[in-house]
Structure formats: structure tokens, C-alpha cells
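# Observations on the three-dimensional arrangement
If you want the building blocks of each chain, they are given just below.
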Amino acid sequence: MEGEVYNLMVNLSIALASLLYSHSVGMFIAKGATRFLALFPVIFIFLCLPLNLQTVFFVGPTSFFMTWLGSFKIILYAFGQGPLSSHPPLPLSHFIANACLPIKILKDHESPSHQTTKKSHIDYVPRVLLFIFVIKAYGYKDFLHPLLITACLAYYFVFMLIQFLAALAFLVRTLFGVKLEPQFDEPHHSTSVQNFWGKRWNLMVSDTLRPTVYHPARAIFRHLVPERWVSVPAVLITFLVSGLMHELIFYHLGQYTPTWEVTWFFIIHGICVGMEIVMKKTTGQRFEQPPVVTWLLTLTFITITGLWLFFPPFLRLDPCARVCRETMAFIGFFKTGHLLGPNEYACRFI
């Protein structure tokens, strides 16, 4: 474990040096192909950063924040786009925070691009209660159907992901005194697959994929497909890229041979969004269903496909046991004064 912490410190030092270099490149090289070539080594470094890490706590954020979002933001920055590009240039601290974390810092006069639902503290009560119920139910996993166990773990990790990203956003707002783009907008209220992925779930990812993949794909397919339908193949390409990047994160977490289930999960969702676009353009409002019906169908579809294709390969990485052992190892650090290997601790939860 001590070697893992050392590797993390090395990674953070490399990432910081790379971002200092990237910020300087933007000051002296105009946007375009030349800046991209100058920044390409940084993109390559970000792709390799998770390879010398093993713990879920370190690999997951490094792969998601740096390998995926960080690399894509640097690509956009090379061409004068994205959250890293600004006139005047961003302060170095804001540049590093924007590049390293799944956030977008808003300027003083800038409004969020996503108008999210206003929430009160009462809105969180059912989710917390369900989270507690899931924890309790998992204690009886020997008596539960495997599908119910998968559903419990799926909700657990989704809940923890949302809280983790919210904590990061709170930390940035507190340290820098800035406004941020919202990260989620009540994804469980989605009324279509397109609404879920485009306007509610993990908005920083969709905001990054849109200029890096979707818009270039539209520009290419505009020469091949009638303008009315050009968004359909662009959406399919965007979901394919998202699936491949999720596959890469899973590879970093377990370094197992990809099964491509996660990629197929996103391909299927991309096909559904494409079909939704076609139906909206051809039928308009004629076959619009009541919101409660579309909400139920959307939630059912996302749940079924998630339990079928997304979560099984993730759970094969044994994240529960690994996270628990790593947590106990860090707790042991405060008890013993030195970091022990995660396998030296047993976890009663697993």
C-alpha cells in the first residue's frame, strides 16, 4: 500500500507538470494543429497514468478524471474550445481544477448551460432511506436472488458516485469561491433515453463528448446524410466512443481482457436515442405519451439494460471487497502509523 501511495504521488506530480506545460503552451502557441501536436504528449501521458496504480480509490478517479475527461479537455483546448479555453486565459488554479476534475468553473457573468430542477433537503430523504435499505438488504445476500443482489450493488455504487462528485464540487466551490455547472439533474425523473443521457445524467461527460465527438461527427456525416438525419449517425458514434472509454476505465480497474458488454450497453442506448430522434422528426407530437408512461418505460429500460450489460462486468472486478479492504487499510494507517497492504484486513461487509 505504501508503494501505491508513492505511485499516486508520482502520478499527481506528472499530471501537475503536464498541466503547467499545457497552460504555457496555450499562452505561446495559437490554437490549431500546431498546438495539438505540442499537447499530444500530455494526452498520451494521461492515457497511461492509471497503469501503475492498483487500488480502486486511486485507479477509478485517475482513469475517469484524467484519462478520459482530462484528455478530451486537452484536445478541445488545443483547438480553442472547451472549459480550458478562455479569453482572457484562465488563472492557473482554475485551469488545473477544470482539467483534473469533472467540473466546469463558470465565469462571473456566465450562467449554467443546464437549467436544473431546484431541490430541497426533503428530496434527498427517500434516496438516503433507500440507500440504508440496500445496505441492510445486502447483509442477507445469501438469501437473495442474484439479480436482486446486482440491483442492490448497482444502486449503492450509483448513489456513492453521485455523492462523491457532489463532494468534489462542494470542495472546489469552497476553495475557489466559484460557481460550477451542475453535474446531475434528477436522472431518475428522465422521461426518455435521450433526456436521461443528454440533460440529466453526468452532465460533465455529455458536455465533453458533445464538442469532441458529436459535433465533429455531424460535420463529417453532413456530406453523407441528409441534413435532417445527420444527428442520428453522430449520436451513434458518440455513444460508441462513450462505451469504449467506459471499457477502458474497466480495464484500468481490473486489467482484464474486455468483454465488450459495456460497449454494447452504450451502442444499444445510442440506437434507442437515434430511434427517438427519428420518431420525433417524423411523428412530431402525434404519438406523445403521458409523462408517467414515458418515465416508467425509460426507467425500466435503463434498469434492465444496466443490470444486463453494464453492472455485471463492473461487479466482476470485485469492487465491494476491494473498496472495503482498501478502506480498512487506510483506517489501519491511523491506528498503526503505517499503511498496511489491503489484503491484511478482513471486511465484515463482504
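Predicted, not measured: the structure shown is a model, and the values here were computed from it.

For helix α3 (residues 56–78), built from 23 residues, the straight-helix expectation of 33 Å at 1.5 Å per residue is met to within 8% by its first-to-last C-alpha distance of 31 Å. Along α3, the sharpest kink reaches roughly 35°, centred on Gly 70. Burial runs high along α3: 20 of the 23 residues are buried. Of the residues one or two after α3, Gly 80 is the one with positive phi, at around 75°.

Take the pattern of salt bridges next. Taken as a whole and judged by the stated rule, the model has 7 salt bridges. The closest approach of N and O atoms between Asp 207 and Arg 210, which form a salt bridge, is 2.9 Å. Taken as a pair, Asp 207 and Arg 210 lie in helix α8 (residues 203–221) at a separation of 3 residues, close to a single helical turn. Classification of Asp 207 by relative accessible area gives partly exposed; the value is 21%. In this structure, Arg 316 engages Glu 261 in a salt bridge whose closest nitrogen and oxygen atoms are separated by 2.2 Å. Here Arg 316, found in the loop between α11 (291–315) and α12 (319–336), pairs with Glu 261, found in helix α10 (residues 261–283); they are 55 residues apart in sequence, far enough to count as distant.

Next up on the list: the UniProt feature "domain: Wax synthase" (unreviewed entry) in the chain. The positions UniProt marks with the feature "domain: Wax synthase" (unreviewed entry) are residues 181–267. Here residues 181–267 is 67% helix and 0% strand, with 27 Å between the C-alpha atoms at its ends.

Procedures and definitions
- Residues numbered from 1 in each chain as written.
- Predicted model: local features only at pLDDT ≥ 70, side-chain atom pairs only at ≥ 80, totals over all residues.
- Heavy atoms only, no water.
- Helix = DSSP H or I, 4+ residues; strand = E, 2+ residues; numbered from the N terminus.
- Expected span 1.5 Å × (residues − 1).
- Bend = angle between axes of the 7 residues up to and from the residue.
- Buried < 20%, exposed > 50% of the residue type's maximum accessible area, 1.4 Å probe, protein only.
- Salt bridge = Lys/Arg side-chain N within 4 Å of Asp/Glu carboxyl O.
- UniProt positions renumbered as here; feature names shortened; annotations may be inferred.

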